[in-house]
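Each chain, written out:
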Amino acid sequence: MTIQLGQTAPDFVQDSTQGPIQFHSWLGEGWGILFSHPKDFTPVCTTELGAVAQLAPEWEKRNTKVLGLSVDDLKDHASWEADIAETQGSKVNFPILADTDKKVSTLYGMIHPDADPKVTVRSVFIIDPSKKVRLTLTYPPSAGRNFNEILRVLDSLQLTDKQKVTTPANWQAGDDVIIAPSVSDEQAKTLFPQGWKTLKPYLRLVKLS
């Protein structure tokens, strides 16, 4: 199954290190990030889980829950979490799905037979409060994920959902944003009384107060 942007994230019930999770209910009314790992005790993923744990205050600030996934079982997860705490200096503080039957992996298209039909690829899904998929990423096994980039996109999504703007290349929170093309100059005077810079009629930069 291929997950498309704007599609409702498939619901599921699966065991995790923090008990059974019914995905939509667990998400509640907040944002969610679901990310998968090929299997436990892999070096790159060990560093990633530690990085996600260290970002706990950032996820909370954005009303976002994070959920890991591996096709290994809960016993292996427990041993792996001990290794992560030892090597990364951070205890895993979010659930990891034990997707031993590959139910969730299959539902979200995380199994790529041409790579290895026995394990998941390293996928990321950002899901909004209406349960819509807003971002999908798939990483190669050799490159660790940049969770600061995932935070950056999350910030952009949450901002642009609230205001009629988009964010330019390499945008960081606090930088100028782009007034959406659907907004006329007359509308922009009301929405952005602070004024804006017009580079082209379709490219208007504004600093949000």
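Residues numbered from 1 in each chain as written. Predicted model: local features only at pLDDT ≥ 70, side-chain atom pairs only at ≥ 80, totals over all residues. Heavy atoms only, no water.

**Student:** Would you explain the UniProt feature "active site" (unreviewed entry) in the protein chain in this entry?
**Tutor:** Per the UniProt annotation, the sites labelled "active site" (unreviewed entry) are Cys45. Structurally, Cys45 can be placed in helix α2 (residues 43-54). The contact partners of Cys45, leaving out residues within four places of it in the chain, are His37, Pro38, Trp80 and Arg122. (UniProt positions renumbered as here; feature names shortened; annotations may be inferred. Helix = DSSP H or I, 4+ residues; strand = E, 2+ residues; numbered from the N terminus. Contact = heavy atoms within 4.5 Å.)

**Student:** Whenever I open this one, the pattern of salt bridges confuses me. Can you help?
**Tutor:** Note that side chains of opposite charge can pair when their charged atoms are close. In total, this model carries 11 salt bridges according to the counting rule given. Salt-bridge contacts for Glu48 lead to Arg122; the nearest nitrogen and oxygen are separated by 2.2 Å. Taken together, the positions of Glu48 in helix α2 and Arg122 in strand β6 (residues 122-127) put the pair 74 residues apart, joining distant regions of the chain. Each member of the pair Glu48 and Arg122 is classed as buried. (Salt bridge = Lys/Arg side-chain N within 4 Å of Asp/Glu carboxyl O. Buried < 20%, exposed > 50% of the residue type's maximum accessible area, 1.4 Å probe, protein only.)

**Student:** In this structure, what is going on with the sheet that holds strand β10 (residues 197-200)? I would like to understand it.
**Tutor:** Strand pairing in a sheet relies on backbone hydrogen bonds, with the paired strands running either antiparallel or parallel. Taken together, the four strands give an open sheet; going across it, the order is β8-β9-β11-β10, and neighbouring strands pair in antiparallel fashion. The open sheet terminates on both sides in strands that have one partner only, identified here as β8 (165-166) and β10. Pairing geometry for β8 and strand β9 (residues 177-179), over two bridges, is antiparallel. Of the residues in β9, the one forming a bridge with Thr166 is Ile178. (Pairing = 2+ DSSP bridges.)

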